[in-house]
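If you want the building blocks of each chain, they are given just below.
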Amino acid sequence: MKIIMLGAPGAGKGTQAKQIADKYGIPHISTGDIFRANLKQGTELGKKAKEYMDQGLLVPDELTCDLVMDRIGQEDCKNGFVLDGFPRTIPQAEALDKALANINEKMDYAVDVDVPDENIVNRMSGRRACINCGATYHIVSIPTKVEGICDRCGEKVVLRDDDQPETVKKRLNVYHEQTQPLIDYYKKQDILRTVDGTQPMEQVFGAIVEILGA
Ligand code: AP5
């Protein structure tokens, strides 16, 4: 099964994508996580991506598309994958369709996790991410067992640089301008499914499983 997670920054795409990946035994591919891992390793790609991410802007398509096409061509993706944070622009969506058409494949579902802007800024200011393993928490809805420490690896959890309220507002503008048009794009392909992302996480996941099938 090949799935795209759509939604505003902080809508819960990553939270749901991880659970989908576990349930259906397919890889979770997050472009944001790939950029952050590169940044941590000090690669050129990581340094370039940071310039855009810190400003709340999108990393240019030419840096993003090849990276995803390489990843979905790997052996572990042959039974499907869940894309989280890609595509984010119409050219990225077209590049993905073209790459899949070349191997007689297409995406099965684009799941839009719908959350109004008002909820997003609050959610993001409460998110904490581990500096080592990238696990995410929320100070109210998913707190760490020990304050400030990752349950999974024991490293520090922090507010992401791009989760500062001003940067979140910028990311939301960029989302509305460049990413929201994908909703119509996938509606036309008849693979768009929308879930109410304001519900508790378990209910959002339940709604997604109903769409994808048990
Ligand atoms: P990326 O890391 O993809 O960020 P994003 O899309 O902005 O999404 P987030 O990770 O911020 O949020 P999410 O929707 O995954 O929410 P989460 O599950 O964590 O990208 C970062 C940057 O990289 C971009 O700004 C861009 O610069 C660059 N980039 C990445 N991909 C790119 C691409 N394709 N092209 C160009 N540039 C690209 O949840 C958020 C919080 O809410 C968490 O604390 C969570 O615990 C909580 N939460 C989740 N669900 C619920 C719920 N139902 N109720 C209450 N709280 C909830």
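Everything here concerns the structure above.
Residues numbered from 1 in each chain as written. Predicted model: local features only at pLDDT ≥ 70, side-chain atom pairs only at ≥ 80, totals over all residues. Heavy atoms only, no water.

## So, helix H6 (residues 117–126)
Within the span of H6, buried status applies to Ile-120, Met-124 and Gly-126. In an axial view of H6, the angular spread of the buried residues amounts to 155°, which keeps them on one side of the axis. Across H6 from its buried face, at more than 90 degrees, point the exposed residues Glu-118 and Asn-122. Buried positions along H6 lie against strand S5 (127–130), strand S6 (136–138) and helix H7 (165–179). (Buried < 20%, exposed > 50% of the residue type's maximum accessible area, 1.4 Å probe, protein only. Helix = DSSP H or I, 4+ residues; strand = E, 2+ residues; numbered from the N terminus. Arc of directions from axis to C-beta. Contact = heavy atoms within 4.5 Å.)

## Details of unusual backbone geometry
Cis geometry is adopted by the peptide bond preceding Pro-87, which originates at Phe-86 and carries an omega value of -5°. Take Pro-87: it is sitting in the loop between strand S3 (81–84) and helix H5 (90–101). One non-glycine residue, Asn-104, lies in positive phi territory at about 55°. You can see Asn-104 is positioned in the loop between H5 and strand S4 (109–114). The class of Asn-104 is exposed, set by a relative accessible area of 75%. One non-glycine residue, Asp-190, lies in the positive phi region at around 65°. Structurally, the position occupied by Asp-190 is in the loop between helix H8 (181–188) and strand S8 (192–196). By relative accessible area, Asp-190 is classed as exposed at 58%.

## Things to note about the sheet that holds S6
Pairing in this open sheet of three strands is antiparallel, and the strands run S6-S5-S7 from one edge to the other. The strands lining the two open edges of the sheet, one partner per strand, are S6 and strand S7 (157–158). As judged from the three bridges shared by S5 and S6, these two strands associate in the antiparallel manner. Within the sheet, the bridge partner assigned to Arg-127 lies in S6 and is His-138. Along the sheet, H6 makes contact with S5 and S6, crossing S5 at roughly 40°. (Pairing = 2+ DSSP bridges. Axes fitted to C-alpha atoms, helices over the stretch in contact; angles between N-to-C directions.)

## Here's the deal with the site of the ligand
The environment of the ligand is formed by 36 residues, the closest being Thr-15, Leu-57, Arg-88, Arg-127 and Arg-171. In the model, an oxygen atom of the ligand is placed 3.0 Å from a nitrogen or oxygen of the Tyr-137 main chain. In this structure, Arg-171 approaches the ligand through a side-chain N or O atom, which is 2.5 Å from an oxygen atom. Here the ligand loses 95% of its free accessible area of 1000 Å² to cover by the protein chains. At the level of secondary structure, the elements contributing two or more residues to the shell around the ligand comprise helix H1 (13–24), helix H2 (31–41), H6, S6 and helix H9 (201–212). (Near = heavy atom within 4 Å. Polar contact = N/O pair within 3.5 Å; in protein donor to acceptor, adjacent residues only side chain to side chain. Areas by Shrake-Rupley, 256 points an atom, 1.4 Å probe, with all protein chains shown as cover.)

## Quick word on the packing of aromatic side chains
One pass over the full model with this rule turns up one aromatic pair. Taking the centre distance of 5.0 Å and the plane angle of 80° together, the rings of Tyr-185 and Tyr-186 count as edge-to-face. Looking at Lys-23, its charged tip hangs above the ring of Tyr-24, at a distance of 5.8 Å from the centre. (Phe/Tyr/Trp six-rings, centres within 6.5 Å; stacked < 30°, edge-to-face > 60°. Lys NZ or Arg CZ within 6 Å of the ring centre and 35° of its normal.)

## Section: the nonpolar core
If you look at soluble globular proteins, the nonpolar side chains tend to sit buried side by side. Counting 52 residues, the largest nonpolar core has Met-5, Ile-20, Ile-72, Leu-83, Leu-96 and Tyr-186 as its most contacted members. Beyond its immediate stretch of four places on either side in the chain, Tyr-186 contacts Ile-4, Leu-6, Pro-87, Ala-93, Leu-96, Ala-110, Ile-191 and Leu-192. Listed in part, the five residues of the second largest apolar core include Ala-135, Tyr-137, Cys-150 and Val-157. (Core = buried A, V, L, I, M, F, W, Y, C linked by side-chain atoms within 4.5 Å.)

## Things to note about the state of the cysteines
Under the definition given, this model contains zero disulfides. In this structure Cys-77 is not part of a disulfide, and its nearest cysteine sulfur, from Cys-65, lies 16 Å away. Overall, the relative accessible area of 5% leaves Cys-77 in the buried class. Distance from the sulfur of Cys-153, which forms no disulfide, to the nearest cysteine sulfur (Cys-130) is 3.5 Å. We classify Cys-153 as partly exposed; its relative accessible area is 33%. (Disulfide = S-S within 2.5 Å.)

What is shown is where atoms sit, not what they do.
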